[in-house]
Structures are given as C-alpha cells and as structure tokens.
Amino acid sequence: MALYAFFRLLVRPAFAFILPLLVVFFVLLLVLSLDADISPVHRLDLSMVVFSLVLGTLVGQTVHDVRYRFFSWTLPGFQRKLSATVIGIGLLLALIWAGSYTLLGGEMNPIAGFAGFFLIFMACAAMQRAILPVLIILLAALIWSDFILGLIRAQPVGWTAFALLGAAAFSYAGFNRGSLRKILLSPHLFLLVNMFNSAEEARATEEKLKRSSHPREWLRSFVGTEVRDWVRAVEYGSHGAMSRLRSKISSCASFALMGFLIVQPAFMNDRSFGLGLEHAFHVLFSPPVPLEAPIYVPVSLFQAIWATAFVFRAEGFLQRGWVYPVSRRQRSQVVYRMSLRQNLRVVVMFSLSFLLYGGLIVFLRSGTDDLDFMPGFFRGVIAVSILLPVLQWIRLWLHHASSESGPRQWSVVLVLLGGAFFAGLVWPTAHFWPRIFAGVDLPIQASLLVALALASQGLYYKVVTAYYQGEDLI
Amino acid sequence: MSAAFELTGVSKRFGAAPALDELSLSIPEGSVVGLIGRNGCGKTTLLRLVVGLYLPTEGHCEALGCPVGKLGPDELSRIGVVHQESRFLVWMKVRQHLRYIASFYKDWDQDREQRLLKELELDQEARVGTLSPGNLQKLAIILAVCHHPKLLLLDEPMAAMDPIGREKLFEFLLDLLQEDGNTTVISSHALRDVERIVDRVVCLDGGRLLEDTSLDDLQERFARWIVTSKNGGLPDHFSEGYVLEQKGDPFRKQLLVADGASKLEAFQNKHHLEVTLQPLNLERIFPLLIGKKN
C-alpha cells in the first residue's frame, strides 16, 4: 500500500473534523505557552508524547477499518504493505521530531525515536479496539511524561534499543496474519460483517457477544406511560437490567484509577506530585494569574476528562430508527431526564473524588488536614453543573446528526478532545469567578451561580425539545 | 373511507439531493398496497416519513389522522413497521427481545407471537446477534404484527428469506389481513409475491408518483395481445401509439399494449386479424410503467 493511498484513507469526514482540530490544538498550545516558564525542549517533549499517541490512535483506527473486511484478506501483500506503511509513518514522525529537537535544542535528542515507538504502539492498540486501555495509556503517559522522559534521558541508548525492539514486537503482533485469520473466520463476525456495512460495528457487536455477563430478564409486562418508565426501558435496552450495577462498578473503577494516578506520585515524592499534569495544564492553558489553589488543578483536569468520558460513553437515547409508541415530545423528555441523571451522577462522583483525593493529597503533602482547597472545589462543582449541558448537547448532535459509524468509531479521540475542551472551560470558569464576584456577598454569589446552573439546564431542555420536534430520528 | 395516511405536496431532501419530490398520495384504510419502484426511487423514505422518523422538508404528511411530526403513543401503538435493515439489540436472546418490545404495547398478542415463532421456525433462545439475515427479518415481522397494528408498513420484508420462509410468511400475511383487516403497505422488488396480496399499486420513480391505482385497473390497462392474421401475413410493424412492444413472426405476434382495450375492435378491423387477450402480471407491467413514462 502506497503512503499516498493510506493518507487517502485518512481523508474522510471524521478526520476532516479531527485533524484540523488537532492542528489548532497544537498551534494554540505553542502560542499560549510562549510566556510560560517552560523550556522549548521540555514543551517539545510533552508535545511528542501527546501528538504521537493521538496520531497513532487515528492511524490504528484507520487500519482497523480497512483490514477487517473480507476483500482485504485476498489482496496480495496487503497486510505486509499496511504494516510497512504504519512503520514508515512512525519513522517519519521520529525524523520530524529529531529535526525539531535539533532546531530547538541545538543537538540531536535520542528521545525523538520514541515518537515512532509511541505511534506504532498506539496504532497496534487501537487496531485491537482496546479503547479503555488506550485511554488509560494516554492519561498515564500524560501524567508520567516527565518521569518517563527522565528515565529515557538517563539511558538513551538502552531505551532506544528497547523502543526499537518494542516497535518490532508490537508490529509483528499487530499485523500477524494468523491473528487476523482468527478474527475473520469467527462465525459470529462472518454473519455480522454481512449484516452491517461497517466492520467496526460488526466487531463491536462481536465483542458484545463475547461478554460473559448476561442481562437479567426484563420483567415488566407493560412499560407504562410515565417518563421514568421510559428511562428505565432505555437503560435496559442499552445494557440490560444489570446496567445500574455495571455503571456503578465502572464508576468505582474509574474513581479508583483516578485516585491511583493522582495520589500515587504524592507517596513517591512530594516534588513529583502531579508534576506531569500540572506541567501539561500550564502548557495547555498558561494561566495568566497565579494559581489560587494549585491542588485542585490536576484533580479538576482529571475530573473533567472523566466527566467527558462518562457523558460520551453513557447511553441516553431510545434506539434510532425504531418506531416506539412514544411521541417526539416524550422522546425529548426521556433524553433530558437521562441527561439530568447523568449530571447528578457526575456531580456526586466529582464531589466525592475531590473531597477524598484532594483531602488525601493535602494531608500527604503538608501533613495537615488543611481544607484551603474547598472554595476551589465548590466552584469546580458548579462550573461542571453549568457546563455539562454543553457537553450533552454535543453528544446529542453527534448521536443524531452524524453517520452511525463515525462518532462511535472515534470515541477515544472525541473523549480526549472533549475532555481537554471541557477542562479548558471548567478551570478558567471556576478560576475567574472570584474576580467577577469580587465584593459580592457569598450567599448572593451562591444564588447567582445556582441560578446560572438552572438556566443552563433549562436552556438544554429547550434545545432538546426543539431538536426532537424538528429533526429526523434516523 | 378515511385515509390511513396522506401526503400532500411532500418533498424530502437530504442536503441538495431530493428523495421525494412534491408527492401527493392518499391511502384509504383497509387497503393493501404494493409500493414499487426502482432502487433509490424514494420507497423507504416514504415509509419512514409515514411513521415520523423523517419529517418532510416541504408539504404535509399525516398518518392515522395525525401529522407525522406529532404522532403520539396512541397513533404509534397502532402502527407496525418492518425496516429494510433491522437494528436490534444484539445482546438479547430472541425471547428477551420479544418480551422487551412487548412491554411497550398494551395489546400484545402472545398467542400470535408463539404461533409465529413456531410457524417461522425461529429459535427463542438464540441470541439476536447470531441470527442470519433471514431469521432477523422473521423476528422483525413478529415484532411488527403482534400488537395488531392498524397500519402495517413492510419495507423489503422478505429480501433475505428462503423460499419456504417466504411462502409461510405469505400465508401468514393473508391470514393477518383477514383477521385484522388492517392497512398494509408492502415495499418489495419481489413483484410476483407482492401481487398475491395487494389490491392497489403505488409506483414511484425519481421521488415522484408515477402510478397510484388498483391492481385490477393496471391489469386491464396493460395486456398482452396475441395476434394472428386472418388472411396471410401480418404487418412488419404496428405503428399504433398504444403498442409498447412487439415481437414474433409474420404469422403470429405478441404485442404489449397500454390502454388499448377500447381500441381493440378498431385495431382488429383495420388489420384484419384475430386477437387473443392475455393478462400481464405485475412483474411484466412494472417495466412497461417505467418505460412508458420515459
């Protein structure tokens, strides 16, 4: 496969949206961080990690979409050419980064080779549709970037050799014809590929079928006429009667993961606490004013990404294209009610995580239970309440206005970009309030913010209602 | 007789591409309609409009007396739909899916459900994601008819079924029409099958209404004339405008004729020949309809 042909595959509606966004993201990152006290090489380090991983995800998704089709199986040399193309892109990226390091730092930096490794590694992970691991790897790489880069700098030759071996191993495993055959010849997938236009959708279905957990029976003989009845039906239709338990387990898991990522560095070294994350935050948003309560910054960022992931991954719609005996107005009410419940869950998890981890970090760092971070916390919670409807509107738009395979296919990238966008909104919003409300009594501040949160919810309700009144439901 | 659904000057565009173009159509209650047309002529769009999944870009569309954008639980409970592509919950078993969908309807007929499962040989314990396309269509049909819909819309309901399954389904549909007396619209390219149950034909072409008439009327209008000469040879070519196609030898020819019944006698006298009339089936009429328009 020629490099040109592969890049031709990238030119599709989803990428037409994502790629310019990525470019804008990095340009903004560079422009915003000009005044920050960060060395250009350090900035390049962080960009290398993030850019390689995100680009690798995009490449992997594209490979996935092409290779799991029956026609590709019979194309001579297709797999070999595909793997060569991915490795070629990895090498090209490494060269670009090597050039950038030389330009900015005055010498070749062996870390540049890791740009290629990260890309190939992520492409292979994305090819296997390992969405959660991909997300975790991205977050971990971001928070641990300084630690990782420090290790590499200590032993550049050894780690470069390790990266080369790793890239070779991942490429071999990822493009192994035997593993592909197993997937292609799976009887379920054979049926599903013939039923669905998208191999992606078929594979997702295949994965669902493989799940060992079985839903409990739907015991209601009649759904009823209340909106809450429909909400229950939607929950069952999405995941089965175990959905509530499953969502609790998943929330607890993400809660624990978040805790590990935030608190673990605090145990290791007071200096290294949240270093990567705080650094990333500075680079991304370059706050013009000193941080009022630095502790809540990394926590808020994580919470924002987590809330975005939660909203994007949660089901909140009646099946598209089905003719339920539910009017358009009722559909909008169901969607709104589901969104409201999600908001409440997010706010509760947000509050719990902040109180628990924020408190723990304060205790670990200073040895006291100083609660200085509380005002920041409350502002963060209210900011989330106000801004969540924006996120939900985007989700509604993606769900109904885009093609079926598009947004779901790129859910990881959307979650990341949405998370960064949301975090970018949450923190400054929370941060600027003290200035806006300077001199205003606390009860009045609180009343105004609550009114704003209610207005935001009300506006979202209006948007949802208008949307369902006037749009096609397919 | 009131209309089961009615379209008045309806256009539906997806971006710049028109799927339906100023379509006006009224389907009376109780009729069994065959919706026919070439690929991409707007059949599926029309059916999706009727159930309110799409909204018209222009014009007005009503189903069961209600504007399609405002269809409520009462109206939607009286509609059954089989989509061309089934989008089911693949993680459920057939039995679970039936129970789930049944709970949305007050009048779900479990006896009918069980009878159909048996007749169509659908395994209740099979997981929906593992069903073949044909079996998915069987499931779609069961899900669409067990609440005794007053308006039943079938979009290519048998495209993936084997001949035995298709035959069983037709027997069932005939029973259903007798039992429920509902309005049924069946969109299909299997015209021989459609012909067996429909009493009315709606033909679309390029998003426009090409024909809306009874099957009897169509069969009267389009016919095959077998002509034999009374006194020797036949003309090389019949130039009458109502003769759409002709083939044969100098002594015996087959003519495909549109709107020729009233002209038969004059035709016989003019050419001194004998004519034997043969009815045409819908599969043969359809290309004539399209060809006549073009």
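Structure: see above.
Trainee: Looking at this structure, how should I read unusual backbone geometry?
Mentor: Glycine aside, negative phi is the norm for most residues, and most peptide bonds take the trans geometry. Residues and elements named next belong to chain B. Non-glycine residue leucine 64 carries a positive phi angle of around 50°. With respect to the helices and strands, the residue leucine 64 is situated in the loop between strand S4 (58-63) and strand S5 (66-67). Looking at leucine 64, the relative accessible area reads 15%, which means it is buried. Positive phi, close to 55°, is recorded for glutamate 121, a residue that is not glycine. Relative to the assigned elements, glutamate 121 resides in the loop between helix H4 (110-119) and helix H5 (133-145).

Trainee: Is there a simple way to think about the nonpolar core in this case?
Mentor: Within soluble globular proteins, side chains that are nonpolar tend to cluster in buried spots. Residues and elements named next belong to chain B. The biggest cluster of nonpolar side chains holds 74 residues, and the ones touching the most others in it are Val94, Tyr100 and Leu139. Considering each element in turn, this core owes the most residues, 8 residues, to H5. Excluding residues that lie within four positions of it along the chain, leucine 139 makes contacts with Phe88, Val94, Leu98, Leu122, Val128 and Leu131.

Trainee: Could you clarify how one ought to interpret the packing of aromatic side chains in this entry?
Mentor: Summed over the entire model, instances satisfying the criterion amount to 18 aromatic pairs over all chains. Considering the side-chain rings of tyrosine 100 of chain B and phenylalanine 104 of chain B, the 5.2 Å spacing of their centres and the 90° angle between planes classify their relative orientation as edge-to-face. Side by side, tyrosine 100 of chain B and phenylalanine 104 of chain B carry an identical accessibility label, which is buried. Following the ring pairs from residue to residue traces out a cluster consisting of Trp230, Trp322 and Tyr324 of chain A together with Phe88, Tyr100 and Phe104 of chain B. Lying across the ring of phenylalanine 170 of chain B, arginine 196 of chain B places its NZ or CZ 4.9 Å from the centre.

Trainee: Looking at this structure, how should I read the interface of chain A and chain B?
Mentor: For interface size, the figure often reported is the accessible area lost on association. Each side of the interface is counted separately: chain A has 41 residues, and chain B has 41 residues. Counting each side, the surface lost to burial between chain A and chain B is near 3500 Å², with a carbon and sulfur contribution of 63%. Looking only at chain A, the three residues that lose the most surface to chain B are Trp322, Val323 and Pro325 of chain A, adding up to 19% of its buried area. Two residues, aspartate 472 of chain A and lysine 12 of chain B, come together in a salt bridge whose shortest N-O distance is 2.7 Å. Connecting chain A to chain B are 7 residue pairs in polar contact (both at pLDDT 80 or more). Taken together, the elements giving at least two residues each to the side of chain A that touches chain B come down to helix H11 (187-195), helix H12 (199-210), helix H13 (227-239), helix H17 (328-366) and helix H21 (442-470) of chain A. In terms of residue count, the dominant contributor to the side of chain A that touches chain B is H13 of chain A (7 residues).

Cut-offs and rules
Residues numbered from 1 in each chain as written. Chains lettered and ligands numbered in written order. Predicted model: local features only at pLDDT ≥ 70, side-chain atom pairs only at ≥ 80, totals over all residues. Heavy atoms only, no water. Helix = DSSP H or I, 4+ residues; strand = E, 2+ residues; numbered from the N terminus. Buried < 20%, exposed > 50% of the residue type's maximum accessible area, 1.4 Å probe, protein only. Core = buried A, V, L, I, M, F, W, Y, C linked by side-chain atoms within 4.5 Å. Contact = heavy atoms within 4.5 Å. Phe/Tyr/Trp six-rings, centres within 6.5 Å; stacked < 30°, edge-to-face > 60°. Lys NZ or Arg CZ within 6 Å of the ring centre and 35° of its normal. Buried area = accessible area lost by both parts, 1.4 Å probe. Salt bridge = Lys/Arg side-chain N within 4 Å of Asp/Glu carboxyl O. Polar contact = N/O pair within 3.5 Å; in protein donor to acceptor, adjacent residues only side chain to side chain.

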